[in-house]
Amino acid sequence: AFYREPDIYALDIEQIYLKSWLYAGHQSEIPEPGDWFLYELERESVIIVRDNQGGINALVNVCRHRGSRICLQSKGRSKRLACRYHGWVYDLDGALIAARQMSEDFDLAEHGLRRIHCELLHGMIFINFAPEPASFEPVQDQLGACLEPYQLDQARVAHRQHYPMQANWKLAVENYTECYHCAPAHPEYSRGHVLAHPDKETEEAYKEVLSAAPVCGLGNREVNRIYLDAEGFGADYSYERYPLIRGHLTGSEDGQPVAPLLGKISDYYGGCTDFQVGPVTFALAYCDHVMIYAFRPLGLDRSTCDISWLVRGDAVEGEDYDKDRLTWLWDVTTEADKRIIEHNAAGVNSRYYQPGPYSKMETYTWKFVEWYLSAISESEG
């Protein structure tokens, strides 16, 4: 029922997606004042726009007159945000600056575009629809300290791609949270990543790689793994470093570099970093590029995985990196994920489906399921 019932799906939207911190995009996608793109979730559409002071705003894409959509394309550049229905015009911060033929007592200031909460984490834009969301400061302070060597605020999006699938969003997230399926389903990934082979995760390999890894400092302690529950709902975060299989320097077809080193990282140390923000945004950071995965529902039995590939901000396509080489590994891996998730959805929809026990490689899947069940039960009182 958790993957099939419309009432449960409606709860998912209202109680999880509209209350959690969600990855919308990267600041490099809107470098100049007036640049914008849309973030869309179910019936909601949000304009992510850079204003004339350089700030980034998240404005609800609904005209305050009679509700028309204002921005109609997925991205663009505008000096002002103008509704084409009746000609109301808004500034880049959402303030209404012109409304034709309204009454003399009409107050422009009372009819600006609705805003939702918007925060930055090293250039990554996160939004939250809740009126009073959980504080994002712990994420910025603690996870931000771990990510500092990558200097992702100075990175840029080299490629962004959507992978729609015929499956409930929870099946897509559950698949991402475990590597029990990696060895049988992802031979390309498995030849370079130890998470697919627990027997290769020796203490010696971890010590060797992590001794050379970029330092994550929290106060006076250096950490290799954190998983912290947020003080408020939907702002959980995690961070973990681990080795690649010997001889692999990054995530690529042959394990060899595909882009310039990021930020303050001075050499390939033979490992990588996973991190998570909120319940549906995950990332994998190599020394030379980062992938960010954001899962969105498109309907009861439809969802999408949106992937952004980040490289160093001054890297030039065709000179410093080849886009096909950069994206190859996680494109082929995500296409395989799409297939297995859709096969999983078809089986789950059977009247004979009954969940089986988890393996020891599905710890984080069970953690997600526990979190989800707790979130839904609290929402029902």
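In this report, the structure presented in the accompanying data block is examined. Just so we're clear, the structure is a prediction, and the values are computed from it rather than from any experiment.

**Let's talk about helix H1 (residues 6-17)**
- Over its 12 residues, H1 extends 15 Å from the first C-alpha to the last, a length consistent with the 16 Å expected when each residue adds 1.5 Å.
- Residues of H1 that are buried: Ile-8, Tyr-9, Leu-11, Asp-12, Ile-13, Gln-15, Ile-16 and Tyr-17.

**Focus on the nonpolar core**
- In terms of nonpolar packing, the biggest core is built from 67 residues, with Tyr-39, Ile-48, Ile-127, Phe-129, Trp-169, Phe-295 and Trp-330 touching the most fellow members.
- When sequence neighbours within four positions are dropped, the list of residues in contact with Ile-127 reads Ser-20, Trp-21, Leu-22, Ala-24, Tyr-39, Ile-48, Ala-58, Ile-116, His-117 and Cys-118.
- Core analysis: the next-biggest nonpolar cluster, separate from the first, contains 32 residues, Trp-21, Leu-143, Ile-265 and Phe-275 among them.

**What to know about the state of the cysteines**
- Inspection of the entire model under this criterion finds 1 disulfide.
- Cysteine Cys-83 remains unbridged, with the sulfur of Cys-63 as its closest cysteine sulfur at 3.9 Å.
- For Cys-83, a relative accessible area of 4% corresponds to the buried category.
- Summary of cysteine pairing: Cys-305 is not part of a disulfide, and the nearest cysteine sulfur, belonging to Cys-182, is at 14 Å.
- A residue is classified by how much of its surface remains accessible, and Cys-305, at 3% relative accessible area, is buried.

**Things to note about the sheet that holds strand S4 (residues 56-60)**
- Here we have 4 strands laid out as an open sheet, ordered S4-S3-S2-S5, and antiparallel in their pairing. In the strand order of this sheet, the two ends are held by S4 and strand S5 (75-77), each with one partner. Taken pair by pair, the neighbouring strands of this sheet meet at an average axis angle of 25 degrees, ignoring direction.
- Two elements, strand S2 (residues 35-41) and S5, share 3 bridges in a ladder whose sense is antiparallel. Residue pairing across strands places Phe-37 opposite Lys-75, the latter belonging to S5.

Parameters and conventions
Residues numbered from 1 in each chain as written. Predicted model: local features only at pLDDT ≥ 70, side-chain atom pairs only at ≥ 80, totals over all residues. Heavy atoms only, no water. Helix = DSSP H or I, 4+ residues; strand = E, 2+ residues; numbered from the N terminus. Expected span 1.5 Å × (residues − 1). Buried < 20%, exposed > 50% of the residue type's maximum accessible area, 1.4 Å probe, protein only. Core = buried A, V, L, I, M, F, W, Y, C linked by side-chain atoms within 4.5 Å. Contact = heavy atoms within 4.5 Å. Disulfide = S-S within 2.5 Å. Pairing = 2+ DSSP bridges. Axes fitted to C-alpha atoms, helices over the stretch in contact; angles between N-to-C directions.

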